[in-house]
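Commentary on secondary and tertiary structure
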Amino acid sequence: MRESKELKVKYFVEDLEELCCVPGSDWVDLRAAEDVVLKAGEFRLIPLGIAVALPEGYEAHVVPRSSTFKNYGLLQANSMGVVDGSYRGDGDQWRWPAYATRDAAIPKNARLCQFRIVENQPPLRFTRVERLEGPDRGGFGSTGK
């Protein structure tokens, strides 16, 4: 069994449901910290009501829940968010960059997105070569033709 990691969480909203692990998943749901109304074509950083001190050497990856677009017509404007370990101050509230494709009313505590923590990659060293030894697969976008 893997060792659990402690995440210190500050809540900006008293009645926001607390973070918990999704049963059977490595992902943790994040919720709207307030009621939000968006018109089609609008962008907003939706407050998630938390600040988190990630463990040393980790970052958080934030993505939409699979039902967010179906339920609200919202897209995450930057496709995937990365919260690095230095974003851990008392006022560093997490927010979700939402773009509305249709009019949407999101109630407070609605589950909009999810995150997981990932260990930072090791230091990288780049070496220029004339040739790579692996087989060619046809280039980007060629799978599934």
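See the structure printed just above.
Keep in mind the model is a prediction, meaning the values are calculated, not measured.

1. Re the overall build of the chain
Along the backbone of the chain there are 1 helix and 11 strands. Computed over its C-alpha atoms, the radius of gyration of the chain comes to 19 Å, more than 25% above the 15 Å expected for a compact globule of 145 residues. Reported as C-alpha extents along the three principal axes, the dimensions of the chain are approximately 55 × 40 × 30 Å. Counting every position in the chain, which comprises 145 residues, the buried fraction comes to 34%. Restricting the contact set of the chain to residue pairs at least 6 apart, pairs at least 24 apart contribute 76%. If you sum the accessible surface of the chain, you get close to 10,300 Å²; carbon and sulfur atoms cover 50% of it.

2. Let's talk about empty space enclosed by the protein
The full count for this structure, using the stated rule, is 1 cavity of 30 Å³ or more. Lining the largest cavity are Y11, L16, E17, L19, D29, L30, R31, L48 and I50. If you tally residues by element for the lining of the largest cavity, the top one is strand β2 (residues 28–31), at 3 residues. Grouping the amino acids of the lining of the largest cavity by side-chain chemistry returns 6 nonpolar, no polar and 3 charged.

Rules behind the numbers
- Residues numbered from 1 in each chain as written.
- Predicted model: local features only at pLDDT ≥ 70, side-chain atom pairs only at ≥ 80, totals over all residues.
- Heavy atoms only, no water.
- Helix = DSSP H or I, 4+ residues; strand = E, 2+ residues; numbered from the N terminus.
- Rg over C-alpha atoms; globule rule 2.2 N^0.38 Å.
- Buried < 20%, exposed > 50% of the residue type's maximum accessible area, 1.4 Å probe, protein only.
- Contact = heavy atoms within 4.5 Å.
- Areas by Shrake-Rupley, 256 points an atom, 1.4 Å probe, with all protein chains shown as cover.
- 1 Å grid on protein atoms, 1.4 Å probe; cavity = no way out; pocket = protein on both sides within 12 Å on 5 of 7 lines; lining within 4 Å.
- Points joined across faces, edges and corners; volume = space filled by probe spheres on them.
- Nonpolar A, V, L, I, M, F, W, Y, C, P; charged D, E, K, R; others polar.

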